[in-house]
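# Chains, contacts and geometry: an overview
Each chain is listed here by its residues.
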Amino acid sequence: MPGGAWRQYVYVGSGTPETNGTVVEPRTYHPYTLDPAADVPALVLAGAGTGRI
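Residues numbered from 1 in each chain as written. Predicted model: local features only at pLDDT ≥ 70, side-chain atom pairs only at ≥ 80, totals over all residues. Heavy atoms only, no water.

Take the overall build of the chain next. Secondary structure assignment for the chain yields one helix and zero strands. For the chain, the exposed area adds up to about 4,700 Å²; of that, 59% sits on carbon and sulfur atoms. (Helix = DSSP H or I, 4+ residues; strand = E, 2+ residues; numbered from the N terminus. Areas by Shrake-Rupley, 256 points an atom, 1.4 Å probe, with all protein chains shown as cover.)

And the structure:
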């Protein structure tokens, strides 16, 4: 895939990903660390709710 934007996603029952165009690597603009895609649901739930920002 151009730009590699989808490389860390977890697809469940969504079919084959499609692309159109390219994506600039985000690290071009600022450093960051990716969480494993499989951990994202738990991370979102852990940070969700009243009073959490």
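Let us keep going from here.
Attention now goes to the packing of aromatic side chains. The final tally for this structure, using the stated rule, is zero aromatic pairs. The ring of Y32 carries the charged tip of R27 above its face, separated from the ring centre by 4.6 Å. (Phe/Tyr/Trp six-rings, centres within 6.5 Å; stacked < 30°, edge-to-face > 60°. Lys NZ or Arg CZ within 6 Å of the ring centre and 35° of its normal.)

On inspection of all chains with the given rule, the structure shows one salt bridge. The salt bridge involving E25 is made with R27; its shortest N-O contact spans 3.4 Å. The partly exposed category is assigned to E25, whose relative accessible area is 24%. (Salt bridge = Lys/Arg side-chain N within 4 Å of Asp/Glu carboxyl O. Buried < 20%, exposed > 50% of the residue type's maximum accessible area, 1.4 Å probe, protein only.)

Attention now goes to helix α1 (residues 40-47). Counted residue by residue, α1 has zero buried out of eight residues, so it is predominantly exposed. Just past α1, the residue G49 takes up positive phi, approximately 125°.

Counting through the fold element by element, Y32 comes out in the segment before α1. With relative accessibility at 24%, the residue Y32 sits in the partly exposed group. Engagement of the side chain of Y32 in a polar contact is seen with the side chain of E25, the distance being 3.3 Å. (Polar contact = N/O pair within 3.5 Å; in protein donor to acceptor, adjacent residues only side chain to side chain.)

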